[in-house]
Amino acid sequence: MKKTADVVIIGGGCMGASVAYHLSRRGVTDVVLIEREKMLATGSTGRNAGGVRHQFSNAANIRLSIESIGFLERFADQVGHPIDFHQDGYLFLLSSSSSVETFRRNVALQRSLGVDVEWLDADGAARLAPGLNTEGVAAATFCQRDGVADPNGVTMGFAKAAQTAGASVERDTEVTGIRIESNRIAGVETTRGTIETRTVVNAAGPWARQVGRMAHVDVPVDPFRRHIFIAGEPTSAESRIPNPIPIWPPTRILVIDFETTFYFHREGAGLLFGMGDPGETPTFDVTVQWDFLPQVIEVAVERLPALADASISHAWAGLYEVTPDANPLIGPVQEVPGFFLINGFSGHGFQHSPAAGRILADVIAGRDPQFDLTPFALERFAAGSVSGERYMV
Ligand SMILES: Cc1cc2nc3c(=O)[nH]c(=O)nc-3n(C[C@H](O)[C@H](O)[C@H](O)COP(=O)(O)OP(=O)(O)OC[C@H]3O[C@@H](n4cnc5c(N)ncnc54)[C@H](O)[C@@H]3O)c2cc1C
């Protein structure tokens, strides 16, 4: 392993890999990307639902989406790796008057930034997702350019292209400490030796707070467990015979019932679905809680009745990396020169990794990122100027 580097990136998920890629495009190739697991993308990145959307409540997040989705559309050509991107849209279902009011405001904001979002009634929503029960749905929003992509493909594409340009990727290597001299970054200590560097990027996902502590910085990111379940084909004969339409929506449209946070999209011949657990407290435990499944099914069958007859083929849990206002932390830590954050994406980081990595690479390379980072600055919490993101699902 190298003994010195211009930049050391801690964490080999989509964020670390994106920063490495974008640095390499700016001529910064003396870079070491460090991942403690044997493979890249085994943290949150390898456990996520692959959803990609423009529909956010915060202008800064919408801007991240516009840039990131444009990048994902060109990814295979530009980065040279397939990412299985299907733009079959995201459909938000709204059942309360307060959600309808919030979404009306946010659709206006999204449109003002150039995003093509449709406002639908319940029948319009039902037409887009056959099999959906829209009883009680007051309104819905739909953006066709939203979709689903492969998080592993995006991470591997970024990492391989950075490696080809000269960056090193060290797996099975844990960062155990950060050296600070004269009040600025001087190096990182790892299980395979020390690397001298003046620039460290914290891309440690749900473990961002622990890596922050190594540099005596409180990074306000907490880990919350989220489950994903995979349903196979419905098993009962009754559900098939009278039903001439496909049991699951035929496209990969991603449907979110906003009030309950139940969401689903087609995954191969089956269905991927999940829901937030409002009772969950911070934990690093990713054991599947099978006793949570009945709670999810109770909500899910109201919206997608065919699920009542489906068998659950498997499930996994991963960690959301949540900040107090559900907005990420992107940029330098003012009190520790040379220490940079790309953390706290609060359950929607995969889709923002292309733009977030580009922006941080510009900052590190001394370029103007052409992006107002105020809503993503660490210092916003102390300053009390927090507007946050409301579409955390
Ligand atoms: C169930 C679930 C569903 C999700 N669905 C979506 C979705 O549909 N769309 C979306 O955009 N986002 C989604 N997300 C969120 C998304 O997965 C995350 O925001 C994103 O993956 C964060 O990427 P990351 O690179 O910051 O973190 P990670 O992928 O967790 O990478 C951090 C890496 O740092 C490594 N690391 C930590 N500490 C050290 C150390 N000391 N030394 C070396 N390495 C270290 C870890 O091993 C890990 O590999 C979902 C998340 C979950 C859990």
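Residues numbered from 1 in each chain as written. Predicted model: local features only at pLDDT ≥ 70, side-chain atom pairs only at ≥ 80, totals over all residues. Heavy atoms only, no water.

Chemist: How would you summarise the site of the ligand if you had to cite specific residues and measurements?
Modeler: Contacts to the ligand come from 38 residues, most closely from Glu35, Thr45, Gly51, Glu321 and Gln351. Within the backbone of Gly349, an N or O atom sits 2.9 Å from an oxygen atom of the ligand. Against a free-state accessible area of 1000 Å², the protein chains account for coverage of 98% of the ligand. Secondary-structure elements contributing two or more residues to the shell around the ligand are helix H1 (14–25), strand S13 (222–234), strand S17 (310–322) and helix H9 (349–364). Ranked by residues supplied to the shell around the ligand, first place goes to S17 with four residues. Looking at the shell around the ligand, its residues break down into 15 nonpolar, 16 polar and seven charged. (Near = heavy atom within 4 Å. Polar contact = N/O pair within 3.5 Å; in protein donor to acceptor, adjacent residues only side chain to side chain. Areas by Shrake-Rupley, 256 points an atom, 1.4 Å probe, with all protein chains shown as cover. Helix = DSSP H or I, 4+ residues; strand = E, 2+ residues; numbered from the N terminus. Nonpolar A, V, L, I, M, F, W, Y, C, P; charged D, E, K, R; others polar.)

Chemist: So what's going on with the nonpolar core? Which residues, and what values?
Modeler: Core analysis: the largest hydrophobic core is formed by 47 residues, its most contacted members being Ile9, Leu23, Val201, Ile330 and Ile342. Residue assignment for this core shows that the elements contributing at least two residues are strand S1 (7–10), H1, strand S2 (31–34), helix H2 (59–79), helix H5 (151–164), strand S19 (339–343) and H9. Counting residues in hydrophobic clusters, the runner-up holds 31 residues, among them Leu91, Leu132, Leu271 and Leu304. (Core = buried A, V, L, I, M, F, W, Y, C linked by side-chain atoms within 4.5 Å. Buried < 20%, exposed > 50% of the residue type's maximum accessible area, 1.4 Å probe, protein only.)

Chemist: Residues and numbers for the pattern of salt bridges, please.
Modeler: Enumeration according to the criterion identifies 17 salt bridges in this entry. Among the ionic pairs, Arg192 bridges to Glu170, the shortest N-O distance being 3.0 Å. Placement of Arg192 in the loop between strand S10 (184–190) and strand S11 (193–196) and of Glu170 in strand S8 (residues 168–170) is noted, with a sequence separation of 22 residues between them. A residue is classified by how much of its surface remains accessible, and Arg192, at 41% relative accessible area, is partly exposed. The partner of Glu280 in a salt bridge is Arg225, with the nearest N and O atoms 3.4 Å apart. Remark: Arg225 occurs in strand S13 and Glu280 occurs in the loop between strand S16 (270–274) and helix H8 (293–303); sequence separation between them is 55 residues. You'll find Glu280 and Arg225 in the same group, each marked buried. Because the salt bridges share partners, they merge into one network encompassing Arg26, Glu67, Arg358 and Asp362. (Salt bridge = Lys/Arg side-chain N within 4 Å of Asp/Glu carboxyl O.)

Chemist: Got a sec to walk through the sheet that holds S10? Specific residues and values, please.
Modeler: Either a parallel or an antiparallel arrangement is found when strands of a sheet pair, and the pairing is made through backbone hydrogen bonds. Strand order in the open sheet formed by three strands is S9-S10-S11, and the pairing between neighbours is antiparallel. Each edge of the sheet is formed by a strand with only one pairing partner; in this case those strands are strand S9 (175–181) and S11. For this sheet, the mean inter-axis angle between neighbouring strands, taken without regard to orientation, is 25°. Bridge count between S10 and S11: four bridges; the pairing is antiparallel. In the sheet register, Val188 faces S11, and the bridge partner there is Ile195. (Pairing = 2+ DSSP bridges. Axes fitted to C-alpha atoms, helices over the stretch in contact; angles between N-to-C directions.)

Chemist: Give a detailed account of the pairing of S1, specifying residues and quantitative values.
Modeler: Of the two faces of S1, the one holding Val7 and Ile9 and the one holding Val8 and Ile10 are both buried throughout. Pairing between S1 and S2: four bridges, direction parallel. Paired with Val8 across the two strands is Val32, which belongs to S2. Examined bridge by bridge, S1 and strand S12 (residues 200–202) share three bridges and lie parallel to one another. Its bridge partner lying in S12, Val8 is registered against Val200.

Everything listed is a geometric property; what it means functionally is a separate question.
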